[in-house]
Amino acid sequence: MKSQSPEALLLVDGYNVIGAWQELKATRDHHGLEMARDELIEVLINYASHNCYQTKVVFDAHYQQTPSQEEEHTQFVSAYYTAFSETADTYIEKACAAFRHDYNTPRRVIVVTSDQAQRHTVVGYGAEWMSSLKLQSDVAAANRRSRDHRKRQRQQRRGQLLNSLDPKTQQILRQLRHGL
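A. Examining the packing of helix H4 (residues 88-99) against helix H5 (residues 116-124) more closely. In contact at an axis separation of 9 Å, H4 and H5 are set at 15 degrees when each is read in the N-to-C sense. Here H4 is positioned roughly parallel relative to H5, judged by the angle of their axes. Crossing hand, H4 versus H5: right-handed. On H5, the residues touching Asp-89, Ile-92, Glu-93 and Cys-96 of H4 are Gln-118, Thr-121 and Val-122. Residue classes in the contact of H4 with H5 are distributed as 3 nonpolar, 2 polar and 2 charged.

B. Here's a closer look at the pattern of salt bridges. All chains considered together, the criterion is met by 5 salt bridges. Note that Arg-108 is salt-bridged to Glu-128, the shortest N-O span being 2.7 Å. With Arg-108 in the loop between H4 and strand S5 (109-112) and Glu-128 in strand S6 (residues 128-130), this pair connects stretches of sequence that are 20 residues apart. Arg-108 sits in the partly exposed class, given a relative accessible area of 31%. For Asp-138, the salt bridge is made with Lys-134, and the minimal N-O distance between the two is 2.7 Å. With a gap of 4 residues between them, Asp-138 and Lys-134 both fall in helix H6 (residues 132-158), about one helical turn apart. Residue Asp-138 is classed as buried on the basis of its relative accessible area of 18%.

C. How the structure looks around the pairing of strand S1 (residues 8-13). Within S1, 6 of the 6 residues are buried, which leaves it mostly tucked inside the rest of the structure. Side chains Ala-8, Leu-10 and Val-12 of S1 all project onto a buried face; the interleaved residues Leu-9, Leu-11 and Asp-13 project onto the opposite face, where all are buried too. Looking at chain direction, S1 and strand S2 (residues 53-59) are connected through 6 bridges and run parallel. Across the sheet, the residue bridging to Leu-10 is Thr-55, located in S2. Pairing analysis gives 4 bridges linking S1 to S5, with the strands arranged parallel. Following the sheet pairing, Leu-9 is matched in S5 by Val-109.

D. Summary view of a positive patch on the surface. Taken together, the side chains of Arg-144, Arg-145, Arg-147, Arg-150, Lys-151 and Arg-154 present a region of like positive charge at the surface. Since its relative accessible area comes to 44%, Arg-144 is described here as partly exposed.

E. Molecular detail of the pairing of strand S4 (residues 77-81). With respect to burial, S4 is a largely interior element, 5 of its 5 residues being buried. A two-sided burial pattern is seen for S4, the buried positions comprising Val-77, Ala-79 and Tyr-81 on one face and Ser-78 and Tyr-80 on the other. Taken together, the 5 bridges between S2 and S4 define a ladder with parallel strand orientation. Across the sheet, residue Phe-59 finds its bridge partner in S4, namely Tyr-81. Where strand S3 (residues 69-72) meets S4, 4 bridges bridge the pair, whose relative direction is antiparallel. Residue pairing in the sheet places Gln-69 in a bridge with Tyr-81 of S4. In this structure, the hairpin formed by S3 and S4 is closed by a connection of 4 residues.

Each value, and the rule that gives it
- Each chain carries its own residue numbering, running from 1 in the written order of its sequence.
- Only residues with pLDDT of at least 70 are given local features in this predicted model, and only at 80 or more are side-chain atom pairs given and counted; all residues enter the totals for whole chains, interfaces and linings.
- Note: side-chain values were computed over all heavy atoms of the structure, leaving out hydrogens and water.
- In this analysis, axes come from line fits to C-alpha atoms, helices being fitted only over the stretch in contact, and the angle between any two N-to-C directions falls in the range 0 to 180 degrees.
- In DSSP terms, a helix is any run of H or I states spanning at least four residues, a strand is any run of E spanning at least two, and both are numbered starting from the N terminus.
- Oblique is the label for any angle not under 35 degrees, not over 145, and not in the 65 to 115 range, which are roughly parallel, roughly antiparallel and roughly perpendicular in turn.
- Definitions for this section: a left-handed crossing has its near helix turned counterclockwise from the far helix by less than a right angle. A right-handed crossing has that turn clockwise.
- Contacts are assigned to residue pairs with any non-hydrogen atoms lying within 4.5 Å of each other.
- Think of it as three bins: nonpolar holds Ala, Val, Leu, Ile, Met, Phe, Trp, Tyr, Cys and Pro, charged holds Asp, Glu, Lys and Arg, and polar takes everything else, Gly as well.
- Any carboxyl oxygen of Asp or Glu that lies within 4 Å of a side-chain nitrogen of Lys or Arg is treated as forming a salt bridge with it.
- For every residue, the accessible area obtained with a 1.4 Å probe (protein chains only) is divided by the maximum for its type, and the residue is called buried under 20%, exposed over 50%, and partly exposed between those limits.
- Pairs of strands are assigned from DSSP output, requiring at least two bridges between the strands.
- Patches here: salt-bridge-free residues with over 30% relative accessible area, like charges joined within 9 Å, nonpolar side chains (Val, Leu, Ile, Met, Phe, Trp, Tyr) joined within 5 Å.
- Using a 1.4 Å probe, the Shrake-Rupley method yields the accessible areas, and only the shown protein chains count as cover for residues.
- We score Asp and Glu as negative and Lys and Arg as positive, and we do not count His or the chain ends.
- The atom standing in for a charge is NZ when the residue is Lys, CZ when it is Arg, CG when it is Asp and CD when it is Glu.

Structure, rendered in structure tokens:
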């Protein structure tokens, strides 16, 4: 992670992304909507920590007579479930309209949706727009960078002879080096 303060607020239209990503769509169709939501949140936890984004995944109430609720998954990722009469689009639009006046949020807001009308609305409020498929591509690239970084670290550690020896042998070599 780059720093403790988020670089941007990422607002994700959850059901829009689930409908756009083939893997999430297959999970939804075979294992249900809840499993697809959980899978998306897990992916976004890794992505948000890699990019240092405060991330809120917004899900419509989906015809349920429930009040809105928010679940915090990590320091940087939460899921917001709208109230019965509120859509994810409405919530995201309100958040974009309010963000310039809220000094507790990052100065950069990115909205993820493939809904073109929503795109124009949030850009009008000064937010950035990212398509659901662009997010999928960015997530894959972040995962590759992270995997490559871990691989380089393992190779660097492996390349050091001392690290490949057992602790007792390492101690003996340290003593010899210091003339003890």
